[in-house]
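Commentary on secondary and tertiary structure
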Amino acid sequence: MLESELGRKWDGCMADAVLKLGTGFGLGIKGIVFSLTFFKRRMWPLAFGSGVGLALAYSNCQHDF
């Protein structure tokens, strides 16, 4: 595999990870509002959303390589 192709794949993986982590974090913030309203618990939606985002990004990068 050429270095330039490898670099492009890494850049794509990092961009995908940032995008999915940000989306999961944003959905987690909305989940916190829901959770505080109904269940009086705080941080589980944020951790869950961020974890799912990172797991999806990892899976996509693993598939690319």
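Preceding this paragraph is the structure being described.
Presented here is a report on the structure given in the accompanying data block. (Residues numbered from 1 in each chain as written. Predicted model: local features only at pLDDT ≥ 70, side-chain atom pairs only at ≥ 80, totals over all residues. Heavy atoms only, no water.)

For the protein chain, the count of helices and strands is two helices and zero strands. Rg of the C-alpha trace for the protein chain: 15 Å, well past the compact-globule value of 11 Å for 65 residues, more than 25% over. Once the C-alpha set of the protein chain is aligned to its principal axes, its extents read approximately 55 × 15 × 10 Å. Considering the protein chain as a whole, with its 65 residues, one finds that 23% of them fall into the buried category. The contacts of the protein chain with a sequence gap of at least 6 include a subset with a gap of at least 24, amounting to 56%. Surface accessibility of the protein chain: about 5100 Å² in total, with carbon and sulfur atoms responsible for 70%. Across the protein chain, 7 positive and 5 negative side-chain charges occur, with their mean positions spaced 23 Å apart. (Helix = DSSP H or I, 4+ residues; strand = E, 2+ residues; numbered from the N terminus. Rg over C-alpha atoms; globule rule 2.2 N^0.38 Å. Buried < 20%, exposed > 50% of the residue type's maximum accessible area, 1.4 Å probe, protein only. Contact = heavy atoms within 4.5 Å. Areas by Shrake-Rupley, 256 points an atom, 1.4 Å probe, with all protein chains shown as cover. Lys, Arg positive; Asp, Glu negative; His and termini not counted. Charge placed at Lys NZ, Arg CZ, Asp CG, Glu CD.)

Below, the discussion takes up the packing of aromatic side chains. Taken as a whole and judged by the stated rule, the model has one aromatic pair. Between Trp10 and Phe65, the aromatic rings sit 5.3 Å apart at their centres with planes inclined by 45 degrees, giving tilted as the arrangement. Highlighted residues: Trp10 in helix H1 (residues 3-38) and Phe65 in the segment after helix H2 (44-64), separated in sequence by 55 residues. What makes Trp10 partly exposed here is its relative accessible area of 45%. For Phe65, a relative accessible area of 43% corresponds to the partly exposed category. (Phe/Tyr/Trp six-rings, centres within 6.5 Å; stacked < 30°, edge-to-face > 60°.)

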